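Chains, contacts and geometry: an overview
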Amino acid sequence: MKPINLNLVGCGGVGLKIARELQPYAEKIQSVTLWDSDRVEDRNLERQIFTKDQVGMSKSQATADLFFPE
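Reference entry: report on the structure contained in this document. (Residues numbered from 1 in each chain as written. Predicted model: local features only at pLDDT ≥ 70, side-chain atom pairs only at ≥ 80, totals over all residues. Heavy atoms only, no water.)

Turning our eyes to something else, we now look at the overall build of the protein. Counting its secondary structure elements, the protein contains 2 helices and 2 strands. Walking the protein from its N terminus toward its C terminus, one meets helices and strands in the order β-α-β-α. Here the C-alpha radius of gyration of the protein, 12 Å, is about what a compact globule of 70 residues would show, namely 11 Å. Reported as C-alpha extents along the three principal axes, the dimensions of the protein are approximately 40 × 20 × 20 Å. Accessible area of the protein: about 4800 Å², with a carbon and sulfur share of 53%. In the protein, the 9 positive side-chain charges and the 10 negative ones have mean positions that sit 5 Å from each other. (Helix = DSSP H or I, 4+ residues; strand = E, 2+ residues; numbered from the N terminus. Rg over C-alpha atoms; globule rule 2.2 N^0.38 Å. Areas by Shrake-Rupley, 256 points an atom, 1.4 Å probe, with all protein chains shown as cover. Lys, Arg positive; Asp, Glu negative; His and termini not counted. Charge placed at Lys NZ, Arg CZ, Asp CG, Glu CD.)

What follows is the structure, given as structure tokens:
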């Protein structure tokens, strides 16, 4: 199977779940572009898997750090 390029729009609740579900297929993904202009806030920590250290960070960068560190 040819590696794919992936665009993930939205890195909130649903986007984080999709990113997590993609982990077993990482070797089939050539690149991932994450789209979300929102920032991680304290209130996101209750229902999303961001960490306290990521508060203030863009959700796109925080998601990349969690699931796509390369």
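A few words now on the pattern of salt bridges. The full count for this structure, using the stated rule, is 3 salt bridges. For Asp 38, the salt bridge is made with Lys 59, and the minimal N-O distance between the two is 3.3 Å. One end of the pair, Asp 38, is in the loop between β2 (29-35) and α2 (59-67); the other, Lys 59, is in helix α2, with 21 residues separating them in the sequence. Asp 42 is the salt-bridge partner of Lys 52, the closest N and O atoms lying 2.9 Å from each other. Residue Lys 52 is located in the loop between β2 and α2, and its partner Asp 42 is located in the loop between β2 and α2; the two are separated by 10 residues in the primary sequence. (Salt bridge = Lys/Arg side-chain N within 4 Å of Asp/Glu carboxyl O.)

Relative to the elements of secondary structure, Ser 60 occurs in helix α2. Using a relative accessible area of 13% as the deciding quantity, one classes Ser 60 as buried. At 3.0 Å, the side chain of Ser 60 forms a polar contact with the backbone nitrogen of Asp 36. With near-sequence residues (within four places) excluded, Ser 60 lies in contact with Cys 11, Leu 34, Trp 35 and Asp 36. (Buried < 20%, exposed > 50% of the residue type's maximum accessible area, 1.4 Å probe, protein only. Polar contact = N/O pair within 3.5 Å; in protein donor to acceptor, adjacent residues only side chain to side chain. Contact = heavy atoms within 4.5 Å.)

The geometry of helix α1 (residues 13-22) relative to α2 is characterised by a closest axis approach of 10 Å and an angle of 25 degrees between their N-to-C directions. By the criterion of interaxial angle, the relationship of α1 to α2 is roughly parallel. In the packing of α1 onto α2, the handedness of the crossing is right-handed. Packed against α1, whose contacting residues are Leu 16, Ala 19 and Arg 20, the element α2 presents Thr 63, Leu 66 and Phe 67 at the interface. Residues belonging to the contact of α1 with α2 are distributed by class as follows: 4 nonpolar, 1 polar and 1 charged. (Axes fitted to C-alpha atoms, helices over the stretch in contact; angles between N-to-C directions. Parallel < 35°, antiparallel > 145°, perpendicular 65-115°, else oblique. Left-handed = near helix turned anticlockwise from the far one by under 90°. Nonpolar A, V, L, I, M, F, W, Y, C, P; charged D, E, K, R; others polar.)

So, to be careful, I would describe these as geometric facts and stop short of saying anything about function.
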